[in-house]
Amino acid sequence: MIYAVILSGGLGLRFWPKSRKNLPKQFLRVLGEKTMIENTVERISNIIPNDRICVVTNNIYVDKINEILKIKSSNIFKEPLNRETASCIGLAAIKLLKRDFEATMVVLPSDHFIQGQEEFEKAIIKAIDVAQDGDYLVTFGITPTRPESGYGYIEVGDSIEEGVYKVKRFIEKPNVDVAASLIEKGNFLWNSGMFVWRADRLLREIKKYLPDLYKNLMRIYEYIGTPDEERVIREEYEKIDGISIDFGVMQRTHRAVVIPTNFVWDDIGSFTSLERFLNKDENGNVISNCEAAVLDVKNTTIIGEKRLVAAIGVKDMLIVDTDDVVLICPKDRSQSIKDLVKKISNVEELERFI
Ligand SMILES: Nc1nc2c(ncn2[C@@H]2O[C@H](COP(=O)(O)OP(=O)(O)OP(=O)(O)O)[C@@H](O)[C@H]2O)c(=O)[nH]1
Ligand SMILES: O=P(O)(O)O[C@H]1O[C@H](CO)[C@@H](O)[C@H](O)[C@@H]1O
């Protein structure tokens with residue numbers, strides 16, 4: 001059977017200070033009326049019934065998920081620690097395999113913006129069809145529009161059937177110069193971060209490329225459904241070195257295929273991605289959710305809450321004002337917000353701001 005696996009345990013550090021440890025971006029109403037996780041569930045609901053929609057998340061978000069979504073508790077896969085996406089997807093795979101030996105997983109991050117529901121559904125249905133035989137790991141390719149260093153790049157190879165191509169190379173998060181050169185070649189797509197595969201196929205790939213993680217997962221597998229499950233998950237998670245599914249498996253596997261898509265897609269992982277959806281004034285400034293008084297300010301994004309934000313003579317900056325934290329950062333350093341938050345996490349007096 002087909003299951004949706006929604007990844008929802010991330011801390012959303014690049015979205016700090018809007019995103020906080022106890023309320024990360026997937027639980028925020030970032031664009032529109034609904035939280036990002038609600039939008040993710042809604043998007044897949046025509047294809048996968050509610051009782052096969054699963055969420056993999058950190059223990060600390062379980063109450064929040066129950067408050068927002070109607071997901072049965074056995075479909076919430078709980079992690080005691082964050083060990084990146086190879087671990088959380090691997091955990092979901094063994095949980096599903098325990099209940100269904102033929103489980104096929106539609107893996108969906110919970111921070112995407114997608115427009116073009118019909119095209120999205122067509123692509124997912126196609127991917128399920130391709131993945132169900134168990135030979136392939138299916139990715140979705142997005143036409144790149146800028147040399148983004150935060151994404152994976154897929155080199156499109158030979159066609160295996162109409163609209164489906166072998167992945168010749170998968171390059172995760174190249175630097176901007178490499179990204180620009182890949183785009184210039186013309187046969188590279190962005191990896192969307194959504195995947196479809198059979199749970200048993202994914203585990204075989206994890207066994208091959210991440211053998212230590214495979215051992216951790218197999219020990220957990222033995223205890224699923226027993227009174228010791230939670231204890232063993234914690235014991236194994238404490239031993240895991242986190243790695244993303246992209247670096248850990250997708251860059252190495254020979255079984256990846258790509259379906260080029262034609263829906264509108266964006267990852268709302270950072271303020272720079274968010275600003276693409278917000279209106280700009282004649283100076284290229286984005287002023288969102290607050291009032292602002294600006295003089296000689298250009299190409300600057302101001303995201304506020306209650307206070308008036310005033311700025312003079314700044315250019316290419318990001319200013320985020322919340323109740324208790326003000327963040328000021330050049331836009332081209334916005335990926336470093338994550339590093340700053342990690343630094344703050346080690347300072348006892350500042351921990352409460354995370
Ligand atoms: N269950 C689970 N989900 C995760 C984990 N890491 C990331 N995710 C989810 O995977 C998706 C993509 O995550 P990222 O944007 O790379 O990471 P993030 O932690 O949300 O954000 P950053 O801290 O800004 O990198 C999001 O839906 C996250 O909630 C994890 O360790 N466990
Ligand atoms: O975990 P991150 O940083 O959000 O990256 C993942 O998602 C990107 C698309 O959002 C992909 O482009 C990446 O390849 C990866 O799957």
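Everything numeric here is computed off the predicted structure, so don't read it as measured data.

About the thresholds
- Residues numbered from 1 in each chain as written.
- Chains lettered and ligands numbered in written order.
- Predicted model: local features only at pLDDT ≥ 70, side-chain atom pairs only at ≥ 80, totals over all residues.
- Heavy atoms only, no water.
- Helix = DSSP H or I, 4+ residues; strand = E, 2+ residues; numbered from the N terminus.
- Rg over C-alpha atoms; globule rule 2.2 N^0.38 Å.
- Contact = heavy atoms within 4.5 Å.
- Areas by Shrake-Rupley, 256 points an atom, 1.4 Å probe, with all protein chains shown as cover.
- Near = heavy atom within 4 Å.
- Polar contact = N/O pair within 3.5 Å; in protein donor to acceptor, adjacent residues only side chain to side chain.
- Nonpolar A, V, L, I, M, F, W, Y, C, P; charged D, E, K, R; others polar.
- Axes fitted to C-alpha atoms, helices over the stretch in contact; angles between N-to-C directions.
- Parallel < 35°, antiparallel > 145°, perpendicular 65-115°, else oblique.
- UniProt positions renumbered as here; feature names shortened; annotations may be inferred.
- Phe/Tyr/Trp six-rings, centres within 6.5 Å; stacked < 30°, edge-to-face > 60°.
- Lys NZ or Arg CZ within 6 Å of the ring centre and 35° of its normal.

Caption draft 1: The overall build of the protein chain, seen in detail. Of the regular secondary structure elements, the protein chain holds 11 helices and 17 strands. Taking 2.2 N^0.38 as the reference for a compact globule, 354 residues should give roughly 20 Å; the C-alpha atoms of the protein chain span a radius of gyration of 21 Å, in line with that estimate. Counting only contacts in the protein chain whose residues sit at least 6 apart along the sequence, the fraction spanning at least 24 positions is 64%. For the protein chain, the exposed area adds up to about 16,700 Å²; of that, 48% sits on carbon and sulfur atoms.

Caption draft 2: Quick look at the site of ligand 1. For ligand 1, the set of nearby residues contains 21 residues, the closest of which are Leu 7, Leu 13, Arg 14, Glu 79 and Lys 338. Glu 84 places a polar main-chain atom, nitrogen or oxygen, 3.2 Å from an oxygen atom of ligand 1. A distance of 3.3 Å separates an oxygen atom of ligand 1 from a polar side-chain atom of Asp 111. Mapped onto the shell around ligand 1, the elements with two or more residues apiece are β2 (53-58) and α3 (84-99). In terms of residue class, the shell around ligand 1 is built from 6 nonpolar, 8 polar and 7 charged.

Caption draft 3: Representation of the packing of helix α7 (residues 211-223) against helix α8 (residues 229-239) within the structure. One can describe the packing of α7 onto α8 by two numbers: an axis separation of 9 Å at closest approach and a directional angle of 175 degrees. As the angle between them shows, α7 and α8 are arranged roughly antiparallel. Between α7 and α8, the contacting residues are Asn 216, Arg 219, Ile 220 and Tyr 223 on the first element and Glu 229, Arg 231, Val 232, Ile 233, Glu 235, Glu 236, Tyr 237 and Lys 239 on the second.

Caption draft 4: Broad picture of the UniProt feature "domain: MannoseP isomerase/GMP-like beta-helix" (unreviewed entry) in the protein chain. Summarizing the sequence annotation, UniProt attributes the feature "domain: MannoseP isomerase/GMP-like beta-helix" (unreviewed entry) to residues 294-343 in the numbering used throughout. The annotated region residues 294-343 carries 14% helix and 38% strand content, and the separation between its end C-alpha atoms amounts to 31 Å.

Caption draft 5: Expanded view of the packing of aromatic side chains. Tallied over the entire structure, the rule returns 8 aromatic pairs. Every member of this aromatic cluster is reached through a ring pair, and the members are Tyr 151, Trp 190 and Trp 265. Here Lys 98 stacks its cationic end above the ring of Tyr 221, 4.2 Å away from the centre of that ring.

Caption draft 6: Region of interest: the site of ligand 2. Taken together, Arg 14, His 112, Tyr 151, Gly 152, Glu 172, Lys 173, Asn 191, Ser 192, Gly 193, Asp 246, Trp 265 and Asp 267 form the complete shell of residues around ligand 2. The side chain of Glu 172 places a nitrogen or oxygen atom 2.6 Å from an oxygen atom of ligand 2. Between Lys 173 and ligand 2, the recorded distance is 2.9 Å, taken from a side-chain N or O atom to an oxygen atom. Compared with its free state, where it exposes 380 Å², ligand 2 has 84% of that area covered by protein.

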